[in-house]
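Chain and residue survey
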Amino acid sequence: MNLIFLGPPGAGKGTQAKVISGEFGYTYMGTGDLLRSLVSKGDPLALKAKEFMDKGELVPDALMVEIVSEQLVNLKKGFILDGFPRTLEQAQILEEMLKGIGVKIDHVIYFDLSDREAEKRLSNRYQCKDCGNIYNSNLGQCPKCGGALFRRKDDEPETIRKRLEVYHRQTAPLLDFYEKKGILRRVEAQGTVEEISKRIRSILGHGEN
Ligand code: AP5
């Protein structure tokens, strides 16, 4: 299956993408993670993108497409796209690109969570700098690999509010776009990580009987 994870910042897209891709062997492509990794390597395009990321704004479409197009055309079937597309223009570009390589999206999983809960989650997020695992409290070091945990620069209160506002203005219109194509699946994103994984598995046809 080829999936897109869509929803507000902090809704748990990255957390679930790691669980579901691990379980079903899907290729995971998270554009936020990709950008942060390129920034840490000093990639010139990603450094331009960082100026927008730090302010909680979207990276302009043309720059974003330039950064991700190579990864997109080389995607192997059976993937999760997390964080792309995020604008109608990106959705249209993605559609054209996938058509060109004979790939279709099966489900767009929409993580439905209130801004209040998203804000609360992002204010307590810690991530491992080595393996990328995500935690909701500061455990000192990563229980999985022992790496150091850090807080993202864009998880400051003012930037979180900006990201939510940008989400509602620029990304939420995609819900209607995919609804009209008949591939939008809404997932209630309130609940434990395991409860939400279960809801996603059931959409993918792997629910418990
Ligand atoms: P990106 O990294 O994609 O950020 P985001 O979409 O804002 O999403 P987040 O990573 O903040 O949240 P998430 O839904 O993945 O939640 P998570 O699982 O971490 O993008 C960053 C920036 O890059 C953008 O702002 C933009 O500038 C740029 N960018 C990226 N893609 C772009 C594009 N296509 N176009 C233009 N610009 C682009 O969980 C959050 C917290 O909640 C964690 O602490 C987690 O442990 C906890 N949690 C998860 N699930 C649960 C649960 N069920 N219960 C309780 N806590 C939970």
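The structure reproduced in this document is the subject of the present report. This structure is a prediction, so every number in the text was calculated from the model and none was measured.

Reading the values: rules and limits
Residues numbered from 1 in each chain as written. Predicted model: local features only at pLDDT ≥ 70, side-chain atom pairs only at ≥ 80, totals over all residues. Heavy atoms only, no water. Salt bridge = Lys/Arg side-chain N within 4 Å of Asp/Glu carboxyl O. Helix = DSSP H or I, 4+ residues; strand = E, 2+ residues; numbered from the N terminus. Buried < 20%, exposed > 50% of the residue type's maximum accessible area, 1.4 Å probe, protein only. Pairing = 2+ DSSP bridges. Axes fitted to C-alpha atoms, helices over the stretch in contact; angles between N-to-C directions. Contact = heavy atoms within 4.5 Å.

**Some details on the pattern of salt bridges**
Scanning the model with the defined rule gives 22 salt bridges in all. Two residues, glutamate 23 and arginine 201, come together in a salt bridge whose shortest N-O distance is 2.6 Å. One end of the pair, glutamate 23, is in helix α1 (residues 13-24); the other, arginine 201, is in helix α9 (residues 193-203), and 178 residues separate them in sequence. For arginine 201, a relative accessible area of 14% puts it in the buried group. Where salt bridges share partners, they join Arg125, Arg152, Asp154, Asp155 and Arg163 into one cluster.

**Re the sheet that holds strand β3 (residues 79-82)**
The strand order across the open sheet formed by five strands is β2-β3-β1-β4-β8, and the pairing between neighbours is parallel. Every other strand in the sheet has two partners, leaving β2 (27-30) and β8 (184-188) as the edge strands with one partner each. On average, each strand axis in the sheet is tilted by 20° relative to the strand beside it, whichever way the strands run. Where strand β1 (residues 3-6) and strand β4 (residues 107-112) come together, four bridges link them in parallel fashion. Within the sheet, the bridge partner assigned to isoleucine 4 lies in β4 and is valine 108. Sitting on the sheet, helix α8 (residues 173-180) touches β1, β4 and β8, and the angle it makes with β1 is about 150°. Lying on the sheet, α9 is in contact with β1, β4 and β8; it crosses β8 at an angle near 155°.

**What to know about the environment of glutamate 117**
For glutamate 117, the position within the fold is in helix α6 (residues 115-123). Residues glutamate 117 and isoleucine 93 lie 24 residues apart in sequence; the distance between their C-alpha atoms is 32 Å.

Keep in mind that these numbers describe shape and distance, not what the molecule does.
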